[in-house]
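Spelled out from the first residue to the last, the chains are:
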Amino acid sequence: MSTAAFHISSLLEKMTSSDKDFRFMATSDLMSELQKDSIQLDEDSERKVVKMMLRLLEDKNGEVQNLAVKCLGPLVGKVKEYQVETIVDALCANLRSDKEQLRDIAGIGLKTVLSELPPAATGSGLATNVCRKITGQLTSAIAQQEDVAVQLEALDILSDMLSRLGAPLGTFHASLLHCLLPQLSSPRLAVRKRAVVALGHLAAACSTDLFVELADHLLDRLPGPRAPASPAAIRTLIQCLGSVGRQAGHRLGAHLDRLVPLVEEFCNLDDDELRESCLQAFEAFLRKCPKEMGPHVANVTSLCLQYLKHDPNYNYNSDEDEEQMETEDSEFSEQESEDEYSDDDDMSWKVRRAAAKCIAALIGSRPDLLPDFLCTLAPALIRRFKEREENVKADVFGAYIVLLRQTRPPKGWLEAVEEPTQTGSNLHTLRGQVPLVIKALQRQLKDRSIKARQGCFSLLTELAAVLPGSLAEHMPVLVSGTIFSIADRSSASTIRMDALAFLQGLLGTEPAEAFHPHLPTLLPPVMACVADPFYKIAAEALLVLQELVRTLWPLDKPRMLDPEPYVGEMSAATLARLRATDLDQEVKERAISCMGHLVGHLGDRLGDDLEPTLLLLLDRLRNEITRLPTVKALTLVAVSPLRLDMQPILAEALPILASFLRKNQRALRLATLAALDALAQSQGLNLPPPAVRAVLAEVPALVSESDMHVAQLAVDFLATVTQAQPASLAEVSGPVLSELLRLLRSPLLPAGVLAAAEGFLQALVGTRPPCVEYAELITLLTAPVYDQAADGGGGPGLAKQAFHSLARCVAALSAACPQEAAGTANRLVCDARSPHSSTGVKVLAFLSLAEVGQVAGPGPQRELKAVLLDALGSPSEDVRAAASYALGRVGAGNLPDFLPFLLAQIEAEPRRQYLLLHSLREALGAAQPDSLKPYAEDIWALLFQRCEGAEEGTRGVVAECIGKLVLVNPPFLLPRFRKQLAAGQPHTRSTVITAVKFLISDQPHPIDPLLKSFIGEFMESLQDPDLNVRRATLAFFNSAVHNKPSLVRDLLDDILPLLYQETKIRRDLIREVEMGPFKHTVDDGLDVRKAAFECMYSLLESCLGQLDICEFLNHVEDGLKDHYDIRMLTFIMLARLAALCPVPVLQRVDRLIEPLRATCTAKVKAGSVKQEFEKQDELKRSAMRAVAALLTIPEVGKSPIMADFSAQIRTNPELATLFESIQDSASAPSTDSMELS
């Protein structure tokens, strides 16, 4: 360290030199020393450096001064706290100096120091202490009236400080407020403006009482519209309201009823600057308090519409527009020279801009009023596309884009279900406006302003996304407008890239036929861009070209357009890019991908170019940088239905691909397996056998459970090769099969891998002659179970899942060799019967029979009944379950024989009822609906007799059986539920509702429309007096909301009040139970409440638009104080709400924090059991997650209550470490939705 100290002392010496260059260089060196992390100063050096820096701040040379100020930043982090305070004191003193230069430097210095202070959240008290030191000095500097420059500098620093560290200054808030309010009436405009900004930051951080004082002060000072007042004073007050609205609007809700009418009145005064401030204030109110602004929306809308077209100094004459469109640029220049007369003092554009922004806030904050907005605001916005001021035009476009985004149908899997009717009618209204939009944009697309054209492209892109296909009839306008920008070499490259990106999107949303007539004009400019020297344009153009090829000559439809005139120049342009080696990586990849599409879609038209192109791709395959895109391009060529001849490259490409299977890069392995599979399918016998063997040698290592996706693709590839070249595969069948069997024993085997394995095994026995004999494969598959039995293994050592997987494979083999199936079935029956068989052998035999029994024919089935019934009495639970499953599956294949027998057994054997009902469930699920119809009435009667059973497990299976039975004949059976709900006992009612739950699947299903018509009646069971029925109804509602929201969306207005009713704690359901000497309270309503909160969580995910979030939050708030399970749920909901709709959460953040704080600081009683401590820890974690989520809303951190709680978290070591661990894990994506499921 001494060397560093020595170095610094020599620098300090140079700083005293009389030569300014020496001083400058020494300061510069010191700066770079201080920026090193390793540097540590001893106390003496600290003192000297600080003293010297403060001296240099007053240096005669300006450059030295500037550099010294910059040094303060890194210095603050390196010296002790009291030295920082010394620096601050000196700067505050300089701030009040007579010399202007010193004042400026001191101001910059203070801002530098403040920006470098560690934020309070890190637990360091330095920032707070420094701010407290500065604040007193700043308030006195602001309060003195003599020197405005000092005031301005002080106000600036204060704003900066309040925005970063508002909360720690709590003790000064009152004095700051009383110091700032008088500045609003200062004669100097600059002072007023800065005071307005500072008050906005203060409003976000001050206590509620001070905020009310501030709001009342502003309201009292605002005169009535009739009272005389200076325009400047009113302007300042309105600007202050806007500033408070932007920084702390969520706290203004209660005052809006008094505020808004006043602000509306001021809008009508003839003062453009005031109008702008009024509209900006409205914008802030709408964004922060959408609910409280509800009553004022109509007035604000009409004001916005009035001022959106407020342009008193300009005459937009429509006839003139028409002429101007036809005339040349000379007209434009004359036009502009006339325009200049009033533009300098014309403030009206600011009013129009504020109105456009306010409209955007209006649309964004009230999605429920969308139909009205589409009729009132949309046409007005479209008419204003002709706006002459560039900045205003951008905001008008922006507002219309917000409208389009709100109209977009709900995302994701909900679109597959029918569209909600309201969205449908909104889209219909919008479709009617498309011609108007295009007409309004026609001139803008060729405007000289780049910003205007960019706005057009953003708007059209959004429009095409909301209404795909709606732009097809306007293609001539769009194509000529896009070409205008693509070919525009005079302006910046960004507009050309935007135009290309728009064109690419358009090719994806509009039908191909719309482009056919325009291709001759469209292709040359795109080709020119492909050859453009700027890499970003070339990359974008190659994407467009690729999309063109894919859209205009699709592989799954006949060609509507002859590619002959175009294919030559397209391939020439792409080849030129593909051959060049000194290119940007992105262009290389895009060129390879584009070439892959060209060859795949139009390879038959490339003629002599095909072979050189394939060889070029082979060359790119050898290069590490381009190998991945090339593998994908080769896949495109291989899967192409044009059956292109790839013979020239196969012998060399396959060994290269084989080597990729050894690489670590997972994406490359996946892409390579896909390419090999495509090649084996398309080129089959043409693949050179030695090369195929080289590939197959790499495959066994990939069939492992370490990466199931790779394993699935590898097994699929093996199946393809088996069919194409059985001889090559026979050589590696041994190692491959041993790996595959190890994979099949995995308890985590996904369905996709199992299906691939079945396909591969069937391929092995399906070749002529078979690669591996049927008997040998069966022995291999069953060996693990039989060997284990031979070793005398006690229970099944294999996972349960493995028995099912092996059984499915045995069945797949039997299906592939029907002549062997009967023999296999007989052998399985013998194994199942044999008293010497182990549990594992029996389980495998029954599961295999369940799959094989349907294939084997009636021979073995007669013996089967006896064997299966026998097994239902087995001492092993696994055997009983397997036998019950087999009985149902085999029965489904032979209903006339099995079903009456099964029903008779259910009647006769009450003790085995649960297992027999499971069999019935399997039979109902596996059989064809038509074959079940004759038995429906008998089964229905039998099931409804069992609804009143005492065991909940049995009732659950009965409900599932009823659900499966209804699907046999929905229109006939579903209406019968009404009668059962009206007349049945409580157990029957809850069973019926549970059965309805089993009718809801997450895929579209023919029963949906019928189910939708009954849902309202089923939901009435939420008013059922029986708790279990209500709980079943909530479970059914949750399933509907989660899997098929469209079923319940339109009924939410009626359902939500009933749902919210169930979230209340009911005292009449809480009872005391005596356990020996102790009394224990039991809450019977807990399960129902929990189910209701689960429904609320699901509603957040899929029906957010239909919820009144403020009402919703009231119930979440109650849940925060409820039982442990419910608090866990509401914490997760709160975290979700903070992300989805921060505005209403922010408005009540003070009330939400108290229960969170109570949970985080709760202590478990000493001597409690371990589970109590674990529960409390889990609750704390969950509450802390909610706190972390709330802190992602920027304004929450400034709330005084939150700031206080944050300080409490930092000072408590246990909470601080918990909070840090939560923040570290928060970087992992969405944990909350995982937890609940």
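So, a few notes on the structure that sits alongside this text.

Reading the values: the criteria
- Residues numbered from 1 in each chain as written.
- Predicted model: local features only at pLDDT ≥ 70, side-chain atom pairs only at ≥ 80, totals over all residues.
- Heavy atoms only, no water.
- Helix = DSSP H or I, 4+ residues; strand = E, 2+ residues; numbered from the N terminus.
- Buried < 20%, exposed > 50% of the residue type's maximum accessible area, 1.4 Å probe, protein only.
- Contact = heavy atoms within 4.5 Å.
- Areas by Shrake-Rupley, 256 points an atom, 1.4 Å probe, with all protein chains shown as cover.
- Lys, Arg positive; Asp, Glu negative; His and termini not counted.
- Charge placed at Lys NZ, Arg CZ, Asp CG, Glu CD.
- Salt bridge = Lys/Arg side-chain N within 4 Å of Asp/Glu carboxyl O.
- Expected span 1.5 Å × (residues − 1).
- Pairing = 2+ DSSP bridges.
- Core = buried A, V, L, I, M, F, W, Y, C linked by side-chain atoms within 4.5 Å.
- Axes fitted to C-alpha atoms, helices over the stretch in contact; angles between N-to-C directions.
- Parallel < 35°, antiparallel > 145°, perpendicular 65-115°, else oblique.
- Left-handed = near helix turned anticlockwise from the far one by under 90°.
- Nonpolar A, V, L, I, M, F, W, Y, C, P; charged D, E, K, R; others polar.
- Disulfide = S-S within 2.5 Å.

Let's talk about the overall build of the protein chain
Across its full length, the protein chain carries 62 helices and two strands. With respect to the three principal axes, the spread of C-alpha positions in the protein chain is 110 × 95 × 80 Å. Residues classed as buried in the protein chain amount to 53% of the 1237 residues present. The long-range fraction of contacts in the protein chain, counting pairs at least 24 apart against all pairs at least 6 apart in sequence, stands at 74%. For the protein chain, the exposed surface amounts to about 53600 Å²; the carbon and sulfur share of it is 52%. Each charge class in the protein chain was averaged separately, 126 positive and 160 negative side chains, and the resulting centres sit 4 Å apart.

As for the pattern of salt bridges
All chains considered together, the criterion is met by 67 salt bridges. Between Asp1083 and Arg1089 there is a salt bridge; the shortest N-O distance is 3.0 Å. What emerges from the salt-bridge pattern is a single network uniting Asp311, Arg352, Arg384, Glu387 and Arg388.

Looking at unusual backbone geometry
The phi angle at Arg643 is positive, at roughly 50 degrees, despite the residue not being glycine. Its location among the elements puts Arg643 in the loop between helix H30 (627-639) and helix H31 (647-660).

Details of helix H50 (residues 986-997)
Taking 1.5 Å per residue as the helical rise, H50 with its 12 residues ought to reach 16 Å, and the 17 Å between its terminal C-alpha atoms agrees with that figure. All of the buried residues along H50 are Thr988, Arg989, Ser990, Thr991, Val992, Ile993, Ala995 and Val996.

Focus on the pairing of strand S2 (residues 1078-1083)
Summarising burial for S2: zero of the six residues are buried, a small minority. As paired elements, strand S1 (residues 1070-1075) and S2 share six bridges and run antiparallel to each other. Along S2, the bridge assignment pairs Met1075 with Phe1078. Hairpin connection of S1 to S2: two residues between the antiparallel strands, including Gly1076 at a positive phi of 60 degrees.

Structural notes on the nonpolar core
One finds Phe282, Tyr400, Phe846, Leu920 and Phe977 to be the most contacted residues of the largest nonpolar core, which totals 424 residues. Among the elements that make up this core, the one with the highest residue count is helix H56 (residues 1124-1140) (11 residues). Aside from chain neighbours lying at most four places away, what touches Phe846 is Ala832, Val867, Leu868, Ala871, Val879, Ala882, Ala883 and Ala886.

Focus: the packing of helix H14 (residues 272-288) against helix H15 (residues 297-308)
Where H14 contacts H15, the two axes come as close as 12 Å, and the packing angle between them is 140 degrees. The pairing of H14 with H15 is recorded here as oblique in orientation. Of the two elements, H14 crosses H15, and the hand of that crossing is left-handed. Facing H14, whose interface residues are Arg275, Leu279, Phe282 and Leu286, H15 presents Val300, Leu303, Cys304 and Tyr307. Counted by class, the contact of H14 with H15 contains seven nonpolar, no polar and one charged residues.

Here's the deal with helix H26 (residues 535-552)
Helix length check: H26, at 18 residues, gives a terminal C-alpha distance of 26 Å against a target of 26 Å (1.5 Å per residue), a fit within 8%. Taking burial as the measure, the 18 residues of H26 include 15 buried ones, the bulk of the element.

Points about the environment of Val196
Tracing the backbone shows Val196 in helix H10 (residues 189-205). In this structure Val196 comes out as buried when scored by relative accessible area, which is 6%. Sequence separation between Val196 and Ala724 is 528 residues, and the spatial gap between their C-alpha atoms is 79 Å. Residue contacts for Val196: discarding those within four places in its chain leaves Leu184, Thr236, Gln239, Cys240 and Ser243.

Here's the deal with the side chain of Glu153
Tracing the sequence through the fold places Glu153 in helix H8 (residues 148-165). Overall, the relative accessible area of 16% leaves Glu153 in the buried class. Other than its neighbours up to four places away in sequence, Glu153 contacts Leu95, Arg103, Asp104, Gly107 and Lys111.

A word on the state of the cysteines
Applying the stated criterion to the full structure yields zero disulfides. The thiol sulfur of Cys358 is not disulfide-bonded, and the nearest other cysteine sulfur, from Cys304, lies at 3.6 Å. Cys771 provides the cysteine sulfur closest to Cys817, a residue in no disulfide bond, and the two sulfurs are 12 Å apart.

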